[in-house]
Amino acid sequence: MVKLCVGADTVEDLADWQERQMKKLPNPLHHTRMMPKRAEEMLQGGSIYWVIKRAIRVRQRIIDIRTVQDEDGKDMCELVFDPELVRTYARPKRPFQGWRYLKPGEAPRDLNSGESAADIPANLDAALKDAGVW
């Protein structure tokens with residue numbers, strides 16, 4: 001699943017928001033109106049890929065999908081995530097509403113800890129990632 005991370009300019013913004021959430025909750029959550037039709041499939045190792053600044057930059061494993069009620073008593077979907085944010089190679093993504101299913105072959109590859117996308121100095125690699133170049 002791929003979703004825009006509205007209000008976050010960096011992966012660190014998303015991490016900070018989720019850390020504040022987890023002061024009250026055991027895991028980060030996201031509420032959305034519609035229940036995914038492929039929920040069972042996504043619970044078998046699926047992830048949400050967050051789009052930040054027009055690129056997929058990070059993913060989180062989905063650990064639960066449940067129905068909850070909003071303050072008006074209407075059903076909504078609650079997505080529950082593993083707290084670990086896994087950075088990915090940046091993949092450009094145009095704005096869209098809601099979420100989209102992401103085919104496994106379309107998902108960007110995880111960026112391993114300390115891995116550089118090219119053999120360049122680490123500070124330049126970090127700046128290029130922040131700029132969305134990769």
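Scroll up for the structure.
The model shown is predicted, which means the values in this text are computed figures rather than measured ones.

Let's talk about the packing of aromatic side chains
In the structure shown here, the tally under the stated rule is 1 aromatic pair. Summarising the aromatic geometry, the rings of Trp50 and Phe81 are spaced 5.8 Å apart at their centres and angled 75 degrees between planes, so their arrangement reads as edge-to-face. Note that Trp50 is positioned in strand β3 (residues 47-52) and Phe81 in strand β5 (residues 75-81), a separation of 31 residues in sequence. Judged by its relative accessible area of 0%, Phe81 is buried. Geometry around Tyr101 places Arg38 over its ring, the cationic atom sitting 4.4 Å from the centre. Stacked on the ring of Phe96, the Lys or Arg Lys93 has its end atom at 5.7 Å from the ring centre.

Some points on helix α1 (residues 11-21)
Along α1, the residues that are buried comprise Val11, Leu14, Ala15, Gln18 and Gln21. The buried residues of α1 occupy one face: seen down the axis, they fall within an arc of 120 degrees. Those residues of α1 that are buried lie in contact with β2 (29-32), β3, β4 (55-69), β5 and β6 (86-92).

Analysis parameters
Residues numbered from 1 in each chain as written. Predicted model: local features only at pLDDT ≥ 70, side-chain atom pairs only at ≥ 80, totals over all residues. Heavy atoms only, no water. Phe/Tyr/Trp six-rings, centres within 6.5 Å; stacked < 30°, edge-to-face > 60°. Helix = DSSP H or I, 4+ residues; strand = E, 2+ residues; numbered from the N terminus. Buried < 20%, exposed > 50% of the residue type's maximum accessible area, 1.4 Å probe, protein only. Lys NZ or Arg CZ within 6 Å of the ring centre and 35° of its normal. Arc of directions from axis to C-beta. Contact = heavy atoms within 4.5 Å.

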